[in-house]
Amino acid sequence: MNLIMTDKIVRLKEKMLSEPRYASIEQAKIITDAYKANETKPRIIQRALALKASLKKLEISAEPEELIVGNRTAGVRYGVVFPESGSTWVDKEFETLPTRPQDKFQIKEEDIFYFRKEIKPYWQGKSLEDVLRSRYGKEIDEIAKVVKINQKDHAQGHICPNCAEWLHKGPAAIRAEAEAKMRLTYGEKKDFYESVSIVMSGTQDFMVRYARLLTEMAEQESDEDKKSSMIHVSKICHKLSEQAPETFHEAVQSLWFLFVILHMESNASSFSPGRMDDYLWEYYERDLQKGVLDQQGALEILECLWLKFNQIIYLRNAHSAKFFAGFPIGFNIAIGGQDKDGNDFVNDLSFLLLKAQEHLGLPQPNLSVRLHEHTSDELLKQAIRVVAKGSGMPQFFNDNAVVPSMEKLGISKADARDYAIVGCVELTTQGNNLGWSDAAMFNFNKVLELTLNGGKCLITGEQLAEDYGDITTYQTFEELEAVFRRYLEEYMDKMIRACEEVEKAHIDLLPSPFLSAVIDNCMVKGTDVTAGGAHYNFSGIQMIQIANLADSMAAVKKLVFEEGKIGKQELLDALRSDFKGYEIQRTMLLNKSPKYGNDVDWVDELGAKWAEYFKNRLSHYTNYRGGKYHTGMYTVSAHVPMGENIGASPDGRRAGQPLADGGMSPVYGRDIAGPTAVLKSVSKLDKNLTTNGGLLNMKFLPEFFRTDTGIDKFAKFLRAFVDLEIPHIQFNVVRKEDLIAAKNDPEQYRSLTIRVAGYTAYFTELAGELQNEIIERTSYGDI
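Reading the values: rules and limits
Residues numbered from 1 in each chain as written. Predicted model: local features only at pLDDT ≥ 70, side-chain atom pairs only at ≥ 80, totals over all residues. Heavy atoms only, no water. Core = buried A, V, L, I, M, F, W, Y, C linked by side-chain atoms within 4.5 Å. Buried < 20%, exposed > 50% of the residue type's maximum accessible area, 1.4 Å probe, protein only. Helix = DSSP H or I, 4+ residues; strand = E, 2+ residues; numbered from the N terminus. Contact = heavy atoms within 4.5 Å. Pairing = 2+ DSSP bridges. Axes fitted to C-alpha atoms, helices over the stretch in contact; angles between N-to-C directions. Salt bridge = Lys/Arg side-chain N within 4 Å of Asp/Glu carboxyl O.

**Digging into the nonpolar core**
Counting 233 residues, the largest nonpolar core has Phe 248, Phe 442 and Met 495 as the members making the most contacts within it. Residue contributions to this core peak at 15 residues, all from helix α20 (residues 477-509). When neighbours within four sequence positions are excluded, Met 495 is seen to be in contact with Ile 143, Val 147, Ile 149, Ala 440, Phe 442, Ile 541, Phe 614 and Leu 618. Among the nonpolar cores identified, the runner-up in size contains 42 residues, and Met 441, Val 636, Ile 754 and Leu 770 belong to it.

**Details of the sheet that holds strand β4 (residues 332-336)**
Read across the open sheet, the six strands follow the order β4-β5-β6-β15-β14-β18; overall the sheet is mixed. Every other strand in the sheet has two partners, leaving β4 and β18 (779-780) as the edge strands with one partner each. Here β4 pairs with strand β5 (residues 366-371) via five bridges, running parallel. Within the sheet, the bridge partner assigned to Gly 336 lies in β5 and is Arg 370.

**As for the sheet that holds strand β10 (residues 440-443)**
Taking strand neighbours across the sheet as the criterion, the four strands line up as β3-β10-β12-β13 in an open arrangement whose pairing is mixed. Each edge of the open sheet is held by one strand with a lone partner, namely β3 (147-149) and β13 (629-632). Between one strand axis and the next, the sheet turns by 25 degrees as a mean value, whatever way the strands run. For strand β12 (residues 539-544) and β13, the ladder comprises four bridges, and the chain directions are parallel. Considered in β13, the bridge of Ser 539 is made with Tyr 629.

**Re the pairing of β10**
Burial of the side chains of β10 extends over both faces: Ala 440 and Phe 442 are buried on one face and Met 441 and Asn 443 on the other. Summarising the sheet, β10 and β12 pair through four bridges and their orientation is parallel. Bridge pairing in β12 links Met 441 to Gln 542.

**Observations concerning the pattern of salt bridges**
For the structure on display, the rule yields 58 salt bridges. We note a salt bridge from Glu 118 to Lys 117, for which the minimum N-O separation is 2.8 Å. According to the relative accessible area criterion, Glu 118 is partly exposed, its value standing at 25%. A salt bridge links Lys 446 to Glu 449, with the nearest nitrogen and oxygen atoms 2.7 Å apart. One end of the pair is Lys 446 and the other is Glu 449, both in helix α19 (residues 444-452) and three residues apart, which spans about a single turn. The exposure classification of Lys 446 matches that of Glu 449, with both residues buried.

Keep in mind these numbers describe shape, not what the thing actually does.
Dropping the structure here:
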């Protein structure tokens, strides 16, 4: 494709990147006023009226050059304070937002004053955060060193709505459907349909407001090209308020309105567009046949959308920002793969979406390419060329691993073949699933620490769990494993009870009528998505971190129990002292026991064994919506703060150091047998362990991709990835020296992006500890 990035896109990108980032309380004001005016109404109606008020009253803006308009704030990349889900933490952290180590926001003094005078007092004890703390906060805190429970101060995201149905209907038709059903029912179902009608009415108003804004701007514009463009986009917005889209431009604009409003309703991360090259194809093909659109015009529209994906970010509390560093909002787009009949799926749009990423190199959307044994060389090699540009995208998913594992979970073959990705690497069906894929993170290595140290924290000395013995009391490695299993089970039971309380609170406090209207079965049942209205209802738990666990258990098994090269008390003393005075023992632990990632069967299988046990036991639980629990292996950036929470470990890691990145990745620096050995090790983790998503992170030097020979070798490497049935792989293509330079001189490297875990972020916006961990990851110069 001989396509260019137009001057319009260049100007819009520069404008966006130069905008300051603020925390905004504008929607918090509107929401609070709406609740005060409707205190006697059912919660779902209150939520609907608050969203409608926001859609009618929020300040809006547009740039004259924009072909796609809409945002949830007038400013670009603003973080939204959302009182329904959490305001107590905001009050505590307002002053530190501009100076905290990770994900900084500027804040206006008058906003802090208004928040504390009007907003915080009203929501005290009423927000999701406060209600959960009152109901179950003590129990959640008690397990926090082992289990991080998520979704405690924000609404549920990690969802792929039914984008195709949204485009075929539009808000007017959905509103009419809801009103027709409302007349035929009563009670809670009637409230549900009324709430859908309310939010769709607000959606229509929102679209009309943009139409009017653009008309007013056009009247003041002297440049005829800009004037004509604004009038055209204005007409599109007005049409979409009453009709379904017919053209490609209309469809893309409609799609963006869908995602803006999902974020306005829930202020959550990871609402994902899914397979855009599939459902947008009919609009693209029709316009091409009519001669009203060409590839260059379609690309410019898509690149305008790409820029919009980068204008919504998420304001997290300081603790969560360490686990989800770099504003990973999670607009995940999947291209390629199979169709519903199992045939290879690729078209012009697949390549246009790759071209948009090649041109812009921005952190969002999170672009994913689905591979299988019949993926064309053309798509595979073009994707590799885009990876070589260094933005960390696209990432790759393996249909040969993903589709059968989803079917085994109980998903139909057609839905499994049509899978998409939400957030980082979380797998989902499209348009019919509340996957709750970020329910909790379970720290295997803290459990091992308790097993070795009699239930005590190595860092604080606190007794976190029952004392069932320590490393000195176990006669065999099997006895150690038995205690490890006991702690694992106890914390799993406590985790499930906490997850149930979180779900109950979401049902009570954060019903989501707009989201429910674009998730299959909710409208049929008259049931909100939070209450089980979706066709599929899963909950996903992340297992963290198998690589460190395998390395630690292997070292204990080999050096302590089998060879006796390190005594039991000697090991315990070394761990308690963080290896001070025990450097020889640490060197042995690091170098005299093989490590995960080097194709050593017995080591790789140690980690796989415990992941299997966890997955199998978890499958016996049912979540509060009646769905299944399942497992994933990815960390976002949690490998850094979870590592800070663990003392010295038998793999030779010092107290507080990061765990392995990714989820299936080896510990950095320990994969000494090359990238192919890494693939072989990872392939020993059964694909059914990662139905909630698995992540393999690798780093290559840019020089590798400079020749056709390098591209061809890399394509063969990815073909091997497919054959080995590994679910996921992604790459950073960057020199260590460039990362060090960026850390030391951030202004000169403002646009440098890096793959953190399952997402891309601006490297200079990451906290120092995370930057250091990324710098130290193993780099490969060949395969």
